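Fold and geometry: a report
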Amino acid sequence: MKLEHIKSLSPDELGFYGDFGGAFIPELLDPNVRALKEAFNDAFEDSDFQEAYIPLLKQYVGRPTPLYFSEKLSRTHGANIYLKREDLNHTGSHKINNAIGQILLAKRMDKTRIIAETGAGQHGVATATACALMGMECTVFMGANDIARQAPNVQRMRYLGAEVVAVESGSQTLKDATNEAIRQWINHPDAYYLIGSVVGPDPYPTIVAYFQSIISREIRDQLMEETGTSSPTKIVACVGGGSNAAGAFYHFYEESNVDLIAVEAAGQGLNSGKSAATSVLGKPGILHGSKTLLMQTGDGQVVEPHSISAGLDYPGIGPLHAHSISIGRTQVVTITDSEALEAAGELSRNEGIIPALESAHALAALNKIELNKDDVVVVNLSGRGDKDMSTYENYTL
Ligand SMILES: *Cc1c(COP(=O)(O)O)cnc(C)c1O
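Residues numbered from 1 in each chain as written. Predicted model: local features only at pLDDT ≥ 70, side-chain atom pairs only at ≥ 80, totals over all residues. Heavy atoms only, no water.

Attention shifts here to the site of the ligand. Neighbouring residues of the ligand: 17 residues in total, closest Lys 95, Ser 197, Gly 242, Ser 243 and Ser 382. Gly 241 places a main-chain nitrogen or oxygen 3.3 Å from an oxygen atom of the ligand. Here Gly 242 contributes a backbone N or O atom positioned 2.7 Å from an oxygen atom of the ligand. Protein coverage of the free-state accessible area of the ligand, which is 380 Å², stands at 96%. A domain split of the shell around the ligand shows at least three residues from each of domain 1 (14-58 + 95-208) and domain 2 (62-92 + 213-396). (Near = heavy atom within 4 Å. Polar contact = N/O pair within 3.5 Å; in protein donor to acceptor, adjacent residues only side chain to side chain. Areas by Shrake-Rupley, 256 points an atom, 1.4 Å probe, with all protein chains shown as cover. Domains from an automatic or database assignment.)

In structure tokens, the structure reads:
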């Protein structure tokens, strides 16, 4: 298997997808970003790179992940519902697909130190894991608030040998951890900054989408085998920054008969002031080095997002999604904290699969979209729920 670029998903020379994207960075980082772009383009052309990457996905990560037909969900919703089991990846989510790919890039660039930020801790764990595998030094920045709500992942990172630094500024969540990681990168331009989603300055969104595209590449083959057709009618994925969604949508962007459905966290309600529904509530602005849809006040201050799920608690969205939503290619559904919790409980008790809170948002969206019996729907189950057990327990009891 070989990964391929999709033409319509390549940004222009300045890194723009339509009106969104680009690289809004301090001049100091310019050489870094340029070197990264060169290394990526070079790796992409080099068959040795794919020959190193794809076997690692197979033998280390455990890919391909199953495409599971859920009879119960299918009956409930009156359509054919499949779950793409990214929860079964090594370390428990899709994040490892990207972490392994970027660590290989970092190695190509002769880097020895990795900086990363993390929200739910899944990207931090994936990065710490890949660093342990490849003998890299690893520092992970994490909001103090997230450290408290995702304790098991903090323990894992530290046990894997990473340094976890608590970020005490702002809402003490992902946005603040990202600010701090960028600050560190400016001070240590010799380090490799490993971004965990399709956000940040060009070329990161392109790189991360590319490494996650393995998800839709597999869905194609698996659906073909199961149903005789390689495309679903709908694909549903939750969006924090948008990497699992970008990966799940990737090979279907150019097929207009496949509905792409992005699910955002409405938190305590869309208009409650405690939400993370970026594309619905956001306006164009610049966040973490790229122009995107951003939750902000009238005078451009970033609004603190809220979601019960740490992985969706981000005030921006990848520029690729902002573009695709603005041209009407991607549809958006929003799901509240309690709707997500309910969907998580249902999948756990009916299918014996405990989903991550993030993924539970995608599952809950099945209640919000019109379905008929001929629909073939793939829900990207981005991760498993071990890290969310204390939240689930508090809610159920
Ligand atoms: C990080 C995470 C997300 C959100 O990140 P995306 O970049 O939007 O995919 C979703 N699900 C899980 C399980 C995660 O760990």
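Having seen the model, we can carry on.
With that out of the way, let us pick up the pattern of salt bridges. On inspection of all chains with the given rule, the structure shows 24 salt bridges. When the shortest N-O distance is used, the salt bridge between Asp 42 and Arg 108 registers 2.8 Å. One end of the pair, Asp 42, is in helix α1 (residues 30-45); the other, Arg 108, is in helix α4 (residues 95-108), and 66 residues separate them in sequence. Owing to a relative accessible area of 45%, Asp 42 belongs among the partly exposed residues under this scheme. For Lys 387, the salt bridge identified is with Glu 358, shortest N-O distance 2.8 Å. Placement of Lys 387 in the loop between β14 (376-381) and α16 (389-396) and of Glu 358 in helix α15 (residues 357-364) is noted, with a sequence separation of 29 residues between them. (Salt bridge = Lys/Arg side-chain N within 4 Å of Asp/Glu carboxyl O. Helix = DSSP H or I, 4+ residues; strand = E, 2+ residues; numbered from the N terminus. Buried < 20%, exposed > 50% of the residue type's maximum accessible area, 1.4 Å probe, protein only.)

Pairing in this open sheet of four strands is parallel, and the strands run β7-β6-β5-β8 from one edge to the other. Both outer strands of the open sheet, β7 (163-167) and β8 (192-193), are each paired with one neighbouring strand and no more. (Pairing = 2+ DSSP bridges.)

Another aspect to go through is the domain arrangement of the protein chain. When cut into domains, the protein chain gives domain 1 (14-58 + 95-208) and domain 2 (62-92 + 213-396). The partner domain 2 presents 42 residues to the 40 residues of domain 1 that form the contact. In total, about 3,200 Å² of surface goes out of reach between domain 1 and domain 2, with carbon and sulfur atoms giving 61% of it. Counting across the domain 1 and domain 2 interface gives 17 residue pairs in polar contact (both at pLDDT 80 or more). Looking at the side of domain 1 that touches domain 2, the elements with two or more residues in it are β2 (20-21), α2 (47-61), α4, α5 (122-134), α6 (144-149), α7 (151-159), α8 (174-187) and α9 (204-212). Here the side of domain 1 that touches domain 2 gets five residues from one element, more than from any other, and that element is α8. Considered class by class, the residues forming the side of domain 1 that touches domain 2 number 17 nonpolar, 17 polar and six charged. (Contact = heavy atoms within 4.5 Å. Buried area = accessible area lost by both parts, 1.4 Å probe. Nonpolar A, V, L, I, M, F, W, Y, C, P; charged D, E, K, R; others polar.)

With that settled, consider the state of the cysteines. The tally for this structure, following the rule as stated, stands at zero disulfides. Here Cys 131 stays free of any disulfide, with the sulfur of Cys 138 as its closest cysteine sulfur at 3.8 Å. Given a relative accessible area of 6%, Cys 138 falls into the buried group. (Disulfide = S-S within 2.5 Å.)

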